Amino acid sequence: NESTRARSARLPQAGLSVAYTRTLASEFEDLSFDFGGSADSGLGELPFGQKNRYDLGVQATQALYAGGRVAGGIGAARASESLASFEVEAARAAVQLDLVAAYFDAGLAEQLVGIARESLQQAEQTLRQAKAAHDVGSAAEFDVLRAQVAFENERPLVLERQALHELALVRLRAIGGDAGFGAT
């Protein structure tokens, strides 16, 4: 995590390097280093001009003073972790809000379906009354036609409200998962 990485800047840092070099041709191979000593004078052990060269390096560093950079990095890492925690809580709250809104939307849609059905029943009753009044001669044919149009106009509203209710239930199930929400 970020805090661990930031705190590691206070700890000593160590490094190791290993290298191998194979010299195929050297500018020193034709030179003779004879200073009047014996053949085993040790000049062949000089580091330059060797056919095989092995290098080993070890490095260690420790930050003594970084001008507050380490402490600032640790503080920034802690703030970043705190922000991430708040963002998780905000996401949870948003899901809960969406779930509650979907629940109430589904309830409202169900109520609107009931209202549309009652309105359709009233329009049907008005149509029957208009037909009965027309049959006995107390209402004009226009009254029957007007009641018929009102009844026919209510049918698509009921279908629309039922479709909106189904969509609200689908949304509630999608947000609530299989927690049993939306069962009506």
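These numbers were taken from a predicted model, which means no experiment stands behind them.

So, how was this worked out
- Residues numbered from 1 in each chain as written.
- Predicted model: local features only at pLDDT ≥ 70, side-chain atom pairs only at ≥ 80, totals over all residues.
- Heavy atoms only, no water.
- Helix = DSSP H or I, 4+ residues; strand = E, 2+ residues; numbered from the N terminus.
- Buried < 20%, exposed > 50% of the residue type's maximum accessible area, 1.4 Å probe, protein only.
- Areas by Shrake-Rupley, 256 points an atom, 1.4 Å probe, with all protein chains shown as cover.
- pLDDT = per-residue confidence, 0-100.
- Core = buried A, V, L, I, M, F, W, Y, C linked by side-chain atoms within 4.5 Å.
- Contact = heavy atoms within 4.5 Å.
- Salt bridge = Lys/Arg side-chain N within 4 Å of Asp/Glu carboxyl O.
- Expected span 1.5 Å × (residues − 1).
- Pairing = 2+ DSSP bridges.

### Examining the overall build of the chain
Broken down by element type, the chain carries three helices and two strands. Across the 184 residues that make up the chain, the buried fraction comes to 15%. Of the roughly 14,100 Å² that the chain leaves accessible, carbon and sulfur atoms contribute 57%.

### Let's talk about the confidence of the model for the chain
In this model, the chain carries an average pLDDT of 84, and 83% of its residues clear a pLDDT of 70 or more. Put simply, helix α1 (residues 2-7) is where the chain has its lowest mean pLDDT, 78, and helix α3 (residues 141-176) is where it has its highest, 94.

### Observations regarding the nonpolar core
Among the nonpolar cores identified, the biggest contains nine residues, and these are A116, L120, A123, L127, A130, V144, A147, F151 and V158. Of all elements in the fold, only α2 (69-136) and α3 reach the threshold of two or more residues within this core. Take this core: its biggest share by element is five residues, from α2. In this structure, V144 is in contact with L127, A130, K131 and H134, ignoring residues within four places of it in sequence.

### Some remarks on the pattern of salt bridges
Here the structure, examined in full by the defined rule, presents five salt bridges. Across the pair E89 and R92 runs a salt bridge, and its minimum N-O distance is 2.8 Å. Of this pair, E89 and R92 both sit in helix α2, three residues apart, roughly one helical turn. The closest approach of N and O atoms between R171 and D105, which form a salt bridge, is 3.4 Å. Note that R171 is positioned in helix α3 and D105 in helix α2, a separation of 66 residues in sequence.

### Focus: α3
In this model α3 runs 53 Å from its N-terminal to its C-terminal C-alpha over 36 residues, within 8% of the 52 Å that 1.5 Å per residue would give. The complete set of buried residues in α3 reads V144, A147, F151, E154, V158, H165, A168, L169, L172 and G176. Buried residues belonging to α3 abut α2. Residue G177 follows α3 closely and has a positive phi angle near 70 degrees.

### A closer look at the pairing of strand β2 (residues 52-61)
Burial analysis of β2 places just zero of its ten residues in the buried class, which makes it a mostly uncovered element. Relative to β2, strand β1 (residues 13-22) is paired through ten bridges, and the arrangement is antiparallel. The residue of β2 that forms the bridge with V18 is L56.

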